[in-house]
Amino acid sequence: MLKLGLRLSLYRAARLAVPVDEVRHAERLGYHSVWTAEAYGSDALTPLAFLAAQTERIRLGTAVVQLAARPPATLAMQAMTIDALAGGNRLILGIGLSGPQIVEGWYGQPWGRPNARLRDYVTIVRKVLAREEPLRHDGEEIQLPYAGPGALGQGKPLKSIMHPVAPVPIWLGAGGPRNTALAADLCDGWLPMGLGPDGVPPAVQERAARGGFDVFTGSSVRITDDVRGALDAMRPLTAMYVGGMGSATHNYHRDAMARRGFAAAADRIGELWRAGRKEEAMAAVPDEYLEQTALLGSPARIRTRWETDYVSPGITGVIIDAHQPEALELMADLAGTRDLVSDLEGQRARENNLPSHLRRTLSPGSPAGDGR
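Quick summary incoming for the structure in this document. (Residues numbered from 1 in each chain as written. Predicted model: local features only at pLDDT ≥ 70, side-chain atom pairs only at ≥ 80, totals over all residues. Heavy atoms only, no water.)

## Quick word on the overall build of the protein
Thinking step 1. Secondary structure summary: the protein contains 15 helices and twelve strands in total.
Thinking step 2. Computed over the C-alpha atoms, the radius of gyration of the protein is 21 Å, within 12% of the 21 Å expected from 2.2 N^0.38 for a compact globule of 372 residues.
Thinking step 3. Along the longest, intermediate and shortest principal axes, the C-alpha atoms of the protein span 65 × 60 × 40 Å.
Thinking step 4. Sequence-distant contacts in the protein: of pairs separated by 6 or more residues, those separated by 24 or more amount to 72%.
Thinking step 5. Total accessible area on the protein is roughly 17,600 Å²; 53% of this is exposed by carbon and sulfur atoms. (Helix = DSSP H or I, 4+ residues; strand = E, 2+ residues; numbered from the N terminus. Rg over C-alpha atoms; globule rule 2.2 N^0.38 Å. Contact = heavy atoms within 4.5 Å. Areas by Shrake-Rupley, 256 points an atom, 1.4 Å probe, with all protein chains shown as cover.)

## Remarks on the nonpolar core
Thinking step 1. The biggest cluster of nonpolar side chains holds 71 residues, and the ones touching the most others in it are Tyr31, Leu51, Ile95, Leu172, Trp190, Trp306 and Met331.
Thinking step 2. The contacts of Met331, once residues within four sequence positions are left out, are Leu4, Tyr31, Val221, Leu295, Ile302, Trp306 and Ile320.
Thinking step 3. Leu231, Val242, Ala266 and Trp273 belong to the second largest nonpolar core, which has 19 residues in total. (Core = buried A, V, L, I, M, F, W, Y, C linked by side-chain atoms within 4.5 Å. Buried < 20%, exposed > 50% of the residue type's maximum accessible area, 1.4 Å probe, protein only.)

## Regarding the packing of aromatic side chains
Thinking step 1. Here the structure, examined in full by the defined rule, presents seven aromatic pairs.
Thinking step 2. Measuring from centroid to centroid gives 5.5 Å for Phe262 and Tyr289, while their planes differ by 75 degrees, and the two rings are edge-to-face. Residue Phe262 is found in the loop between helix H9 (252–259) and helix H10 (263–274), and its partner Tyr289 is found in helix H12 (residues 287–292); the two are separated by 27 residues along the sequence.
Thinking step 3. The buried category is assigned to Phe262, whose relative accessible area is 15%.
Thinking step 4. Ring-pair connections join several aromatic residues into one group, and the members of that group are Trp35, Trp171 and Phe216. (Phe/Tyr/Trp six-rings, centres within 6.5 Å; stacked < 30°, edge-to-face > 60°.)

See below:
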């Protein structure tokens, strides 16, 4: 069964307001997970700690935390801490790169070799979470203990004092072929950026066939009688990301648009945006591109699009951006997630009728997912 996630775009807001009621509603509908992100405003992890105290079982995911924002050991510490606060088996750690404008301009780090840094970073996070031995790593981009410029030479390999209460899966947000291959090689899931018309690539398919691997895409959902107006409302943000969230040489959003079959439009939007012709850039965003990752219109129109191969083969989940209760409910019906809640409640009722010595403790992460 396809899993549903709920996307929270808190990172784009000037004032933080976590929609707790919306998340609880999604949890009651059997949604598998709720997802946060970060850019250069609110961070992705703190809201999940808050939601851990406000919810019971919905999984808590990052799509994504930025690699440059914190050392890998720090991210592992935060992941263990939040998952413990949530009761265990609830956090999903989605990691990704930003672009050089943010990495160098906001975090003050060199762009370096991002693929090599990703490999080192994910490997170190895994080592911290595994606690198999004191932390050492001799990678192309990251070495621990640190012995570079300014070091005293007193670095000591350490092992986390805290024990994880449950395994923390690591997913990778990636679009290009090298980083996508890295996700299949090292991680438990992939958050594709700009999934092309060919769908899930062979390397990911092979990894998924071995089990224990998820692929989640995204979609905006809005029930409306004005599809044209809904599409037009999406153009400013899309044009800003494709045209302005990066440089002429490095823009992952432009690259993602090209991978989805709209290379010429992506280049044109970039040219117009950089020339200050923002209205023209917005107008240049193709309707077909917007509708690839949006379900707009009446419930009947949304249902028809959903049932007409909307989700590519190999996708195990869809993270939706929907702020209407009726849209959340419609998607739950289309994906069949309400049945998961009914099954869980029936299971709990049966267990409550058992003698105490036969009852087992349910994992907090087991309702609308498989515990991965």
